[in-house]
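Close look at the chain arrangement
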Amino acid sequence: MLVTVRHPPEPIRLARPDVHEPTGKGVPGMGDGEKTALSMFLQAQRASVLAIIEGLDVTALTTAVLPSGWTPLGLVEHLGYAERHWFQEIVIGSADPVAWPDDDHAPLTTPRPPSVVLNFYQAQCERSDAVLAATPLSAPVRGRHPGQLGHEVTDLRRVVLHMIEETARHAGHLDVVRELLDGKTGLGPR
C-alpha cells in the first residue's frame with residue numbers, strides 16, 4: 001500500500017546541516033589509521049540518515065508508510081538509542097538515563113517532536129565519538145548485549161562495525177520510505 005503525504009511549505013531543516021557532510025577524516029584526534037577509517041564510515045552512514053530525512057515535514061516524519069508501522073522519526077530515535085546502548089551501556093558499562101520513559105510509544109515510533117529526536121540522535125552520536133576517540137579498538141566491552149550478538153560483539157572494534165552495519169541498514173529503510181513519500185532518491189553523501 002502506497003501512502004501519499006502532502007507536505008506543508010515549511011519542511012524540517014536540520015539545526016546543524018554540516019552534520020551530514022562527512023569530511024573523510026573521521027573523528028578528530030583518532031590518530032589510528034584503522035580507527036579513523038571506521039569512524040569515517042560510521043559518520044558517512046549517520047550523515048546519510050540525516051540527509052534522507054532532511055526536508056520532510058512533521059507529518060511525513062511521523063507517518064508509518066510500511067505495514068510494519070515504524071515511522072522515519074521513530075527510526076532515527078531508535079538509532080539514537082542504539083548509539084547510546086552500544087557505546088555507553090556496552091563499551092563503558094553505563095549510560096545516563098534519558099529524559100523520557102522508554103515505554104511511552106509503540107516500537108520504532110515516537111511521541112517526541114522532530115527537534116527533540118534530532119537533538120537526541122546528534123547528542124548520542126557525539127557521545128559515541130568521544131568514547132571511540134578515548135578507547136582503544138581492542139578494549140573489551142564492560143557491558144553485555146543479550147543473545148548471540150552479545151557473544152559476537154566483544155570489543156570496541158566490533159561495536160563500531162556493528163553500528164556501521166545497523167546505521168547503514170536503517171539508512172536503506174529510510175531511503176525506501178523517502179522514495180515512497182515524495183519520490184526523492186539518491187540522498188546522502190554517498
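Residues numbered from 1 in each chain as written. Predicted model: local features only at pLDDT ≥ 70, side-chain atom pairs only at ≥ 80, totals over all residues. Heavy atoms only, no water.

Moving on to the nonpolar core. Membership of the largest hydrophobic core comes to 21 residues, with the highest contact counts inside it found for Val49, Ile53, Leu56, Val76, Tyr121, Leu174 and Leu181. Every element with two or more residues in this core is listed here: α1 (33-53), α2 (58-61), α3 (72-92), α4 (114-134) and α6 (156-182). If we ignore the near neighbours within four places in the chain, the residues touching valine 49 are Val76, Leu79, Tyr121, Thr167, Ala171 and Leu174. Counting residues in each nonpolar core, the second largest holds 17 residues, with Ile90, Val153, Val159 and Ile164 among its members. (Core = buried A, V, L, I, M, F, W, Y, C linked by side-chain atoms within 4.5 Å. Buried < 20%, exposed > 50% of the residue type's maximum accessible area, 1.4 Å probe, protein only. Helix = DSSP H or I, 4+ residues; strand = E, 2+ residues; numbered from the N terminus. Contact = heavy atoms within 4.5 Å.)

Right, let's talk about unusual backbone geometry for a bit. In the Ramachandran plot, leucine 108 falls in the positive-phi region, its phi being about 60° despite a non-glycine side chain. Within the secondary structure, leucine 108 sits in the loop between α3 and α4. Leucine 108 sits in the partly exposed class, given a relative accessible area of 29%.

This next bit is on α3. Under the 1.5 Å per step criterion, the end-to-end length of α3 is 29 Å for 21 residues, consistent within 8% with the ideal 30 Å. Buried residues dominate α3, accounting for 18 of its 21 residues. Count one or two residues on from α3 and you reach glycine 93, which has phi positive near 90°. (Expected span 1.5 Å × (residues − 1).)

This brings us to the pattern of salt bridges. Considering all chains together, one arrives at eight salt bridges under this definition. Close ionic contact of aspartate 129 with arginine 46 constitutes a salt bridge, the shortest N to O distance being 2.7 Å. Placement of the pair is aspartate 129 in helix α4 and arginine 46 in helix α1, with a sequence separation of 83 residues. Each member of the pair, aspartate 129 as well as arginine 46, is classed as buried. Aspartate 104 serves as the salt-bridge partner of arginine 112, at 2.8 Å between the closest nitrogen and oxygen. Taking the relative accessible area as the measure of exposure, arginine 112 reaches 8% and is therefore buried. Residues joined by salt bridges that share partners form a network here, namely Glu34, Asp155 and Arg157. (Salt bridge = Lys/Arg side-chain N within 4 Å of Asp/Glu carboxyl O.)

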